[in-house]
Amino acid sequence: MKKNKLVEEINRLKREKRAVILAHNYQPEEVQDLADFVGDSLELSRKAAEVEADIIVFCGVHFMAETAKILAPKKKVLLPDLRARCPMADMVTGDDLRWMKGQHPGKKVVAYVNTTAEVKAETDVCCTSANAVKVVSSLPEEEIIFVPDRNLGYYVSQKTGKKLHVWDGYCPIHEDIRPKHIEKMKKKHPGAEVWTHPECRPDVLSLADRILSTGQMIKEAPKSGALEIIVATEVGILHRLRKENPDKRFYPAREKAVCKNMKRINLRKVYKALLLERPEVIVEAGIADRAREAINQMVRFV
Ligand code: 13P
Ligand code: SF4
């Protein structure tokens, strides 16, 4: 089917089935352009909970669709390709976290939303990159278990001054953005600001003018005085930044910063998912019930 026809058919099925399409800021351009709502992990979780629909087609990775399903258990949540998983989320298992809790008895657990439902079920509060500092600051405890992102954990411990016991996980895409990439881009564009995602390594964060989640980058770009910005995160974010700020220039810190799991979703798979109403994301009720409170706390923090 040609692209125009696919889009037409997707829109027809959407109306017929009372479906909405949610897409993460890292999705391929064609998927972002088709979606009813594009956002970061936090915005998408909120949207999933509040949107009136029978079906959510989640264009992102598995943990995001799982989070949507936990927040909206009555809605059918479809992930157009079940292989779209986040390697960082898969770096810590429920067993790993139970072991860590055994090493630090009585300590509260904060889990990045990039975790499986099983891990969230073992967690006190979840957070995203947009609210991790606020979530950790809000806890009275000075010592906290934090999983799975060591880079976000480092950043949060610096900002809050708290002692975090951090799991050794990381995002391979952000980990591969190195100071040499930033320095090279700075040489090419000396007047540009550097904006990094907190999943980047500490040596990259130390070169940043601003450290922001993808949703925060979208909100801050129109308000910023900077006319040129080097963006250190997955390159999918550039589509919206450029579209919504035609007067500014955005450069990828590293062009190869591509999350292949995010790019597994395409228009053809969205169409097929809507047509067949699968693959569906199911979360076992016992796990979902235990994970929901930690996620609900997360969505309360702006
Ligand atoms: P945000 O959407 O919170 O910016 O996170 C980025 C990310 O890597 C999601 O997988
Ligand atoms: Fe996971 Fe990194 Fe891909 Fe985000 S960009 S989904 S953290 S692998």
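All of these numbers come straight from a predicted model, not from anything done at the bench.

Enquirer: Tell me about the packing of helix H3 (residues 41-50) against helix H4 (residues 62-71), and name the residues and values.
Expert: At a minimum axis separation of 8 Å, H3 and H4 run at an interaxial angle of 35°. Remark: the crossing between H3 and H4 carries right-handed chirality. Together, Ser41, Ser45, Ala48 and Ala49 of H3 and Met64, Thr67, Ala68 and Leu71 of H4 make up the contact between the two elements. Broken down by class, the residue content of the contact of H3 with H4 amounts to five nonpolar, three polar and no charged.

Enquirer: Which residues make up the site of ligand 2, and what are the values?
Expert: Taken together, Tyr26, Val61, Cys86, Pro87, Met88, Asn114, Cys171, Ile173, Glu199, Cys259 and Met262 form the complete shell of residues around ligand 2. Of the residues assigned to the shell around ligand 2, the class counts are nine nonpolar, one polar and one charged.

Enquirer: Lay out the sheet that holds strand S12 (residues 249-252) in plain terms, naming residues and giving numbers.
Expert: The strand order across the open sheet built from four strands is S10-S9-S11-S12, with neighbouring strands paired in parallel fashion. Each edge of the open sheet is held by one strand with a lone partner, namely strand S10 (210-211) and S12. Bridge analysis of strand S11 (residues 228-232) against S12 gives four bridges, and the strand direction is parallel. Bridge pairing in S12 links Glu228 to Arg249. Across the face of the sheet, helix H10 (residues 179-188) comes into contact with strand S9 (193-196), S11 and S12 while running at roughly 165° to S11.

Enquirer: Any details on the packing of H4 against helix H15 (residues 285-300)? Residues and values, ideally.
Expert: Running from N to C, H4 and H15 cross one another at 95°; their axes reach a closest spacing of 9 Å. With respect to their mutual orientation, H4 and H15 come out roughly perpendicular. Contact with H4, carried on its side by Thr67, Ile70 and Leu71, involves Ala288, Ala291, Arg292, Ile295, Asn296 and Val299 of H15 and no other residues of that element. Of the residues assigned to the contact of H4 with H15, the class counts are six nonpolar, two polar and one charged.

Enquirer: Just give me the short version of the site of ligand 1, but keep the residues and values in it.
Expert: Taken together, the neighbourhood of ligand 1 is formed by 13 residues, with His24, Ser41, Ser129, His197 and Thr214 sitting nearest. At 2.8 Å, a side-chain N or O of Ser129 approaches an oxygen atom of ligand 1. Within the side chain of His197, an N or O atom sits 2.9 Å from an oxygen atom of ligand 1. Protein chains bury 96% of the 300 Å² of accessible surface belonging to ligand 1 in isolation. Here the shell around ligand 1 is composed, by residue class, of four nonpolar, seven polar and two charged.

Enquirer: Requested: an account of the pairing of strand S1 (residues 19-24), with residues and values cited.
Expert: Of all six residues that make up S1, six are buried, and the element is covered over most of its length. Side chains of S1 alternate between two faces, with Ala19, Ile21 and Ala23 and Val20, Leu22 and His24 buried alike. Here S1 runs beside strand S3 (residues 55-59); their pairing, made up of five bridges, is parallel. Residue pairing in the sheet places Ile21 in a bridge with Val57 of S3. Across three bridges, S1 lies against strand S2 (residues 37-39) in parallel orientation. Directly across from His24, in S2, lies its bridge partner Gly39.

Cut-offs used in this document
Residues numbered from 1 in each chain as written. Chains lettered and ligands numbered in written order. Predicted model: local features only at pLDDT ≥ 70, side-chain atom pairs only at ≥ 80, totals over all residues. Heavy atoms only, no water. Axes fitted to C-alpha atoms, helices over the stretch in contact; angles between N-to-C directions. Helix = DSSP H or I, 4+ residues; strand = E, 2+ residues; numbered from the N terminus. Left-handed = near helix turned anticlockwise from the far one by under 90°. Contact = heavy atoms within 4.5 Å. Nonpolar A, V, L, I, M, F, W, Y, C, P; charged D, E, K, R; others polar. Near = heavy atom within 4 Å. Pairing = 2+ DSSP bridges. Parallel < 35°, antiparallel > 145°, perpendicular 65-115°, else oblique. Polar contact = N/O pair within 3.5 Å; in protein donor to acceptor, adjacent residues only side chain to side chain. Areas by Shrake-Rupley, 256 points an atom, 1.4 Å probe, with all protein chains shown as cover. Buried < 20%, exposed > 50% of the residue type's maximum accessible area, 1.4 Å probe, protein only.

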